Amino acid sequence: MQQDQMQTNKRLQFQEIVDKHFDDSLPLFMDILRVPSQSREFDPEYLTNGLLLQTAKLFQVLVENLKLKNAKIELFTDEGLSPFLFVEVEGSDGGADGTVLFYGHMDKQPPFTGWREGLSAYDPKIINDKLYARGGADDSYSVLGSVIAIRTIQDLGLKHPRVVMIFEADEESGSDHIEHYLNKLKDRIGNVDLIVCLDSGCGNYDQFWSTTTLRGLVGANVTVQVLNEGVHSGDASGVVPSSFRIFRQLLNRIDDPKTGEVVDDFQVTIPGERYIQAQKTAAIFSEGLINKFPLHGNTQPVSLDTFKTYINKVWKAQLAIVGADGLPNAQTAGNVLRPETTLKLSVRLPPTKDPKEAEESFVRILTTNVPYGATIKIEGLNSGAGFNALDNKPYLDQLINDASNIFYGKESVTFGEGGSIPLMNTLQQQFPKAQFIITGVLGPNSNEHGPNECLDLPYTKKLISCIAYIVSGAQEHLKK
């Protein structure tokens with residue numbers, strides 16, 4: 001009983017401060033979400049229209065308003081690159097402290113179509129404790145959450161390690177620009193002992209979820225061309241092969257059209273410990289892993305088996321067609337055999353798959369023995385490595401589990417995420433001794449990247465309390 005009361009008191013102390021800072025910061029945070037900025041890949045004018053820079057400057061103001069003690073806050077806007085926000089906070093015990101690196105990103109996906117009536121990407125609204133807007137959950141909240149976590153520790157008079165925070169504005173475009181800033185700030189960042197990334201997901205809103213794996217990615221814009229110009233379909237069909245039909249044959253080389261199973265060139269053998277983890281995590285997910293998606297009408301998922309679904313989502317390569325060119329609007333399309341078809345292909349890769357090998361397979365599969373000798377153009381080929389975390393030290397796992405029990409009333413869960421965070425593998429290589437806490441708020445119906453993206457506010461506030469508790473508790477263990 002006494003232990004329960006102590007935990008209740010601790011929870012209330014943290015949550016009261018987190019709630020106050022979060023609620024006080026919410027109006028400016030919503031103003032930031034109103035800025036119609038998009039990541040570099042989706043906004044060719046990002047260097048001249050000022051929208052991405054406006055977002056970053058407002059984030060700088062938000063951080064400054066939270067008045068961290070002993071903090072330096074700098075916004076870098078190096079020529080030809082997206083903005084980069086850097087925060088450095090002295091540790092409570094000075095030079096003896098280890099270093100915690102917080103990571104998040106400020107850039108956003110395009111607005112997409114299909115928002116529910118009364119909702120839109122750049123008009124944030126709070127409905128039933130959920131904040132609807134593009135980028136709120138992915139991943140703008142991370143800036144707010146990281147800073148509030150440290151401010152909470154300071155307000156409670158607790159100790160914290162030295163902290164550096166890096167917030168990029170290029171994650172949704174592959175994080176190509178962040179390497180420049182990491183090299184530039186290498187000496188100031190120093191050695192890192194713990195990395196906290198708030199750009200991941202959660203299986204439900206009932207407990208703390210730690211991400212142990214992330215998938216990689218390879219993709220490009222691929223064009224099949226058969227004519228120099230469009231011609232009358234009645235005259236040419238049956239004589240000139242359809243670029244779309246050729247594309248169908250090429251896509252079948254990557255995945256099975258009936259099952260969606262991707263060829264072995266993009267697959268890996270699942271490590272034994274991750275297979276065991278998958279069995280445990282799939283049981284926790286239960287039907288929620290399938291039911292979280294807004295399937296239309298009588299549409300069925302790929303599999304009704306939760307374990308198989310989890311493996312497909314986390315450890316299997318998957319192909320998605322995410323864009324198309326060369327196809328006229330259906331209402332205005334004439335009877336023309338089109339000269340070419342362009343599709344933007346995205347292949348999610350297993351966490352341990354070498355992305356450069358995947359690139360080579362991607363090009364070879366699509367350009368070898370092309371039907372009818374059609375011309376294939378591959379543009380914008382890019383790839384990113386997945387992530388497979390090393391085991392944390394027991395004290396950190398204990399802190400995470402304690403935090404989950406205190407603030408959510410349930411034990412923490414480890415799981416693999418189907419998405420990608422390109423920087424995590426880079427940071428793992430750059431700081432091989434660092435431990436990782438990768439977590440986030442992308443849970444059921446958060447719908448990041450799609451319409452009706454939303455941030456679950458109660459869950460988010462509890463998550464920030466968890467991070468504050470964990471980082472404060474880790475201080476003694478990270479001291480030099």
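Going by the structure above, here's the rest.
Residues numbered from 1 in each chain as written. Predicted model: local features only at pLDDT ≥ 70, side-chain atom pairs only at ≥ 80, totals over all residues. Heavy atoms only, no water.

A. Structural view of the overall build of the protein. When helices and strands are tallied, the protein shows 14 helices and 18 strands. Taken over C-alpha atoms, the radius of gyration comes to 24 Å for the protein, in line with the 23 Å a tight globule of 480 residues would show. C-alpha atoms of the protein, sized along the principal axes, occupy 85 × 50 × 45 Å. The proportion of buried residues among the 480 residues of the protein is 53%. In the protein, the share of contacts with a sequence separation of at least 24, taken over all contacts with a separation of at least 6, comes to 81%. In the structure as shown, the protein presents an accessible area of about 21700 Å², 48% of it carried by carbon and sulfur atoms. Side chains of the protein give 45 positive and 60 negative charges; the mean places of these two sets differ by 2 Å. (Helix = DSSP H or I, 4+ residues; strand = E, 2+ residues; numbered from the N terminus. Rg over C-alpha atoms; globule rule 2.2 N^0.38 Å. Buried < 20%, exposed > 50% of the residue type's maximum accessible area, 1.4 Å probe, protein only. Contact = heavy atoms within 4.5 Å. Areas by Shrake-Rupley, 256 points an atom, 1.4 Å probe, with all protein chains shown as cover. Lys, Arg positive; Asp, Glu negative; His and termini not counted. Charge placed at Lys NZ, Arg CZ, Asp CG, Glu CD.)

B. Fine view of the sheet that holds strand 15 (residues 387-388). The strand order across the open sheet formed by 3 strands is 15-8-16, and the pairing between neighbours is mixed. Pairing within the sheet leaves two strands with one partner each, and these edge strands are strand 15 and strand 16 (413-417). Most of the contacts of helix 10 (residues 306-314) go to strand 16, to which it runs at about 60°, and overall it touches strand 8 (209-214) and strand 16. (Pairing = 2+ DSSP bridges. Axes fitted to C-alpha atoms, helices over the stretch in contact; angles between N-to-C directions.)

C. The arrangement of the packing of helix 3 (residues 136-155) against helix 14 (residues 457-478) in detail. Between helix 3 and helix 14, the least distance of the axes is 8 Å, while the angle of their chain directions is 50°. Judged on the interaxial angle alone, helix 14 and helix 3 are oblique. In this structure, helix 3 crosses over helix 14, and the sense of that crossing is right-handed. Contacts between helix 3 and helix 14 involve Y141, G145, I148, A149, I150, T152 and I153 from the first element and T460, L463, I464, I467, A468, V471 and S472 from the second. (Parallel < 35°, antiparallel > 145°, perpendicular 65-115°, else oblique. Left-handed = near helix turned anticlockwise from the far one by under 90°.)

D. Spatial organisation of helix 11 (residues 355-367). Helix length check: helix 11 (13 residues) gives 18 Å between terminal C-alpha atoms against 18 Å at 1.5 Å per residue, within 8%. Looking at helix 11, one finds that the buried residues are P355, A358, E359, S361, F362, I365 and L366. Down the axis of helix 11, the buried set is contained in an arc of 165°. They therefore lie on one face. Those residues of helix 11 that are buried lie in contact with strand 9 (216-225), helix 7 (243-252), strand 13 (340-349) and strand 14 (375-384). (Expected span 1.5 Å × (residues − 1). Arc of directions from axis to C-beta.)

E. Highlighting the pairing of strand 6 (residues 162-168). Counting buried residues along strand 6, 7 of its 7 residues qualify, which places the element largely inside the surrounding structure. Neither face of strand 6 is left uncovered, since the one carrying R162, V164, I166 and E168 and the one carrying V163, M165 and F167 both have all their residues buried. Two elements, strand 2 (residues 84-89) and strand 6, share 6 bridges in a ladder whose sense is antiparallel. Bridge assignment links L85 to a residue of strand 6, and that residue is F167. Examined bridge by bridge, strand 3 (residues 99-105) and strand 6 share 7 bridges and lie parallel to one another. Residue pairing across strands places Y103 opposite I166, the latter belonging to strand 6.

F. Structural view of empty space enclosed by the protein. Tallied over the full model, the rule gives 1 cavity of 30 Å³ or more. By volume, the largest cavity is sized at about 40 Å³. In this structure, the largest cavity is lined by G201, C202, G203, F285, L289, K292, K313, F415, E417 and L442. (1 Å grid on protein atoms, 1.4 Å probe; cavity = no way out; pocket = protein on both sides within 12 Å on 5 of 7 lines; lining within 4 Å. Points joined across faces, edges and corners; volume = space filled by probe spheres on them.)

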